Amino acid sequence: MSDDETANVEDVETQSMDPGTGIQFDYWDPENEVFWEEHGKKIATRNLWISIPNLFLGFAIWMVWGVIITKIQGIHDIDPSLFSFDGWGGLMGDEYKALLYILPGVAGLAGATFRITNSFMVEISGGRNVIAATTLLLLLPMVGAGIALKDPNVSFTVLIIFALMSGVGGGAFASSMSNISFFYPRKMQGLSLGLNAGIGNLGVSAMQFTVPFVMGFALFGGMSGAAAGGYYVANAGLLWVPFCAFFMIAAWLWMNNMPEHDVANTANSLKKYFWLEAIGYIAAGVGVLVLIATSNSDIFDSSFMGIVRIFIMVVVSVMTTLALMRYATPGPVKESLLDQWKIFGEKHNWLMTWLYVMTFGSFIGFAAVFPKLILDVFGYLPNGDPNPWYIDQALTYGFLGPLVGAALRPPGGWMADKWGGARVTHWATVVMIVATVAVGLVIVKAKVSETPEDYFVTFMILFMILFTTTGIGNGSTFRMIAIIFPRKQVGPVLGWTSSIAAYGAFIIPAVFAVSIAAKVPEYAMYGFAAYYISCLGVNWWYYARKGAEIPCGGVYYDRKN
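Summarised in this report is the structure supplied together with it. Counting of residues starts from 1 at the beginning of each chain's written sequence and follows it residue by residue. In keeping with the predicted nature of the model, local features appear solely for residues at pLDDT of at least 70, side-chain atom pairs appear and are counted solely at 80 or more, and the whole-chain, interface and lining totals rest on all residues. Processing note: side-chain calculations cover all non-hydrogen atoms of the structure and skip hydrogens and water entirely.

Thoughts on the packing of aromatic side chains
What counts as a ring pair is set by centres within 6.5 Å for rings of Phe, Tyr and Trp (its six-membered ring), and what kind of pair is set by the plane angle: stacked under 30 degrees, edge-to-face over 60, tilted for all other angles. Counting across every chain of the model gives 36 aromatic pairs. On the basis of an interplanar angle of 15° and a centroid distance of 6.2 Å, the ring pair of Phe85 and Tyr96 is categorised as stacked. With Phe85 in the loop between helix 2 (33-78) and helix 3 (93-100) and Tyr96 in helix 3, this residue pair connects regions lying eleven residues apart in the sequence. Residue classification places Phe85 among the buried residues on the basis of a relative accessible area of 5%. Taking the centre distance of 5.0 Å and the plane angle of 85° together, the rings of Trp354 and Tyr531 count as edge-to-face. Of this pair, Trp354 sits in helix 15 (residues 347-378) while Tyr531 sits in helix 23 (residues 521-544), and the two are 177 residues apart along the sequence. Owing to a relative accessible area of 43%, Trp354 belongs among the partly exposed residues under this scheme. Between buried and exposed lies partly exposed: a residue is buried under 20% and exposed over 50% of the maximum accessible area for its type, with that area taken using a 1.4 Å probe on protein chains only. By relative accessible area, Tyr531 is classed as buried at 18%. Helix and strand assignments follow DSSP, with helices taken as H or I runs no shorter than four residues and strands as E runs no shorter than two, numbered in order from the N terminus.

This is the structure we're talking about:
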């Protein structure tokens, strides 16, 4: 290295010894092997291992409403006066079940919307600033939910507000992945991003395993409130408060900003962050308001129009977000955004978005509803009475699906490296189609049986296969994007596709709400299978077949841009 580079390296080392400053580096070059071995690796590792638990918390808090509504429904079944939500019409039976899907759906809608803004956060506000501030915002809805859920007469509107605020956890993925990519050399990008994403995704499974347990006793003493139906539902929110506080402080004290990001003035950087995050709140809020305003509209009475309404919500949220980012942001921020928005003119950006919704969108959507779907299918007899066999089976086994899907994401990337992304995606999609149709058929049998538990093992096996293929497909489609696009476009495309795919966390709960209200939950599975068939065709035609427009065979494809 030159004398100047040596001085810069020494400066980085000096800064890294002061954990209280979080100073932005003057020099960072992970591709320089001497710098990396002597200084970069240690700093990058520290930032990664603080980033991972913050992202873990983001996924856990984003998805916690699927467990909360499952427990609320069980309590309401025992005593209909608890969590009756009379302000929403005093609904009973299938209508009440359908209403509860709104909460994870709202969290899903908000999380996907926040991903759009978070895709561009790090370059504008700095990684350390973004991670710490995001975890602060995650703490707020958990404090609120912990207080609100102590009252079994809580307003459903209040829970909707906290579910929307929890969506910040869904947006965290985009900024977290972007941030870690700056710390590591290209040869380690797969491993570092795989660890960040894979362990972060495990937050869903860990939450589904832990929250049912802590709701069984007064974990926080008097702060847990009185038991409702024998359970302390408030613990589902309060559990995350100390963890958010600890890792928020850790991020602020021991993470760092990169030199290429103009964030030397921390106050100004945080202003930009909260400005963009406010856009996410507003856009998600608009979508939720439209959702609520149309809930009793005669136009959407039919199941078909109910499905149409779901996609209207997505379009409204996306367009509101993009419009606010385009016309309600300061000049320098706007210039950066417009430069990255050139991807919208790329056909393959839209095609890969279609495919990534299938993989990650299915994973996060099914993860959001899996416990409650188990309850709805196996917790009731054909006449609507509770099934005596069912005692919290959903909350006992619900964590397995997200665990399998998250764990198999890194192997999916490895398989794509070895055999080609499009080929792995092709066969993963074939299995998804078969498994989804089969789950629908099992639901048909279970819902008319006096002993629905006879079909439980088959249902679980099929859903584990489905989660397996969503995890593998996550890895393979992520790999395809790196092959299809020039290096300068990979980041924005990954951000955009992951943002839209995250709407699966809204679409899938909302679709199940419509189908369960119509007493045909199996139709939701058949509809997903039809969509997967379209993905199979897109992937085969453009990427997998011989003579495809862009053959994704596991090696970089030079597009000659």
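Remarks on the nonpolar core
Phe83, Phe459 and Phe463 are the most contacted members of the largest nonpolar core, which has 171 residues in total. Among the elements that take part in this core, helix 2 stands out by supplying 20 residues, more than any other. Within this scheme, the nonpolar core is defined by two criteria: the residues are buried Ala, Val, Leu, Ile, Met, Phe, Trp, Tyr or Cys, and they are joined through side-chain atoms within 4.5 Å.

Points about the packing of helix 4 (residues 102-118) against helix 7 (residues 156-166)
Throughout, an axis means a line fitted to C-alpha atoms (over the contacting stretch in the case of helices), and angles, computed between N-to-C directions, take values from 0 to 180 degrees. The N-to-C vectors of helix 4 and helix 7 enclose an angle of 30°; their axes lie 8 Å apart at closest approach. What the angle tells us is that helix 4 and helix 7 run roughly parallel. Crossing hand, helix 4 versus helix 7: right-handed. Contact residues: helix 4 offers Ile102, Leu103, Val106, Ala107, Ala110 and Phe114, while helix 7 offers Phe156, Leu159, Ile160, Ala163 and Leu164. Residue polarity is assigned by list, with Asp, Glu, Lys and Arg as charged and Ala, Val, Leu, Ile, Met, Phe, Trp, Tyr, Cys and Pro as nonpolar; anything else, Gly included, falls into the polar class. Considering only residue class, the contact of helix 4 with helix 7 consists of eleven nonpolar, no polar and no charged. Angle categories: roughly parallel below 35 degrees, roughly antiparallel above 145, roughly perpendicular from 65 to 115, and oblique for all the rest. In this scheme the handedness of a crossing depends on how the near helix is turned from the far one: anticlockwise by less than a right angle means left-handed, clockwise means right-handed. The contact criterion used is simple: two residues touch if any of their non-hydrogen atoms lie within 4.5 Å.

Some remarks on the pattern of salt bridges
In the sections that follow, a salt bridge refers to a side-chain nitrogen of Lys or Arg positioned within 4 Å of a carboxyl oxygen of Asp or Glu. A full pass over the atoms with the stated rule returns four salt bridges. Here Glu549 and Lys347 are joined by a salt bridge, their closest N and O atoms 3.0 Å apart. Taken together, the residues Glu549 in the segment after helix 23 and Lys347 in helix 15 connect sequence positions 202 residues apart. Residue Lys347 is classed as partly exposed on the basis of its relative accessible area of 39%. Among the salt bridges present, the one from Lys447 reaches Glu522, with a minimum N-O distance of 3.0 Å. One end of the pair, Lys447, is in helix 19 (residues 421-447); the other, Glu522, is in helix 23, and 75 residues separate them in sequence.

Quick look at helix 18 (residues 409-419)
If you check which residues of helix 18 are buried, you get Arg409, Gly412, Gly413 and Ala416. The arc enclosing the buried residues of helix 18, seen along the axis, measures out at 100°, which places them on a common side. Turned more than 90 degrees off the buried face of helix 18, the exposed positions are Trp414 and Lys418. Once helix 18 ends, the next one or two residues include Gly420, with phi positive near 105°. Read the arc as the range of directions from the helix axis to the C-beta atoms.

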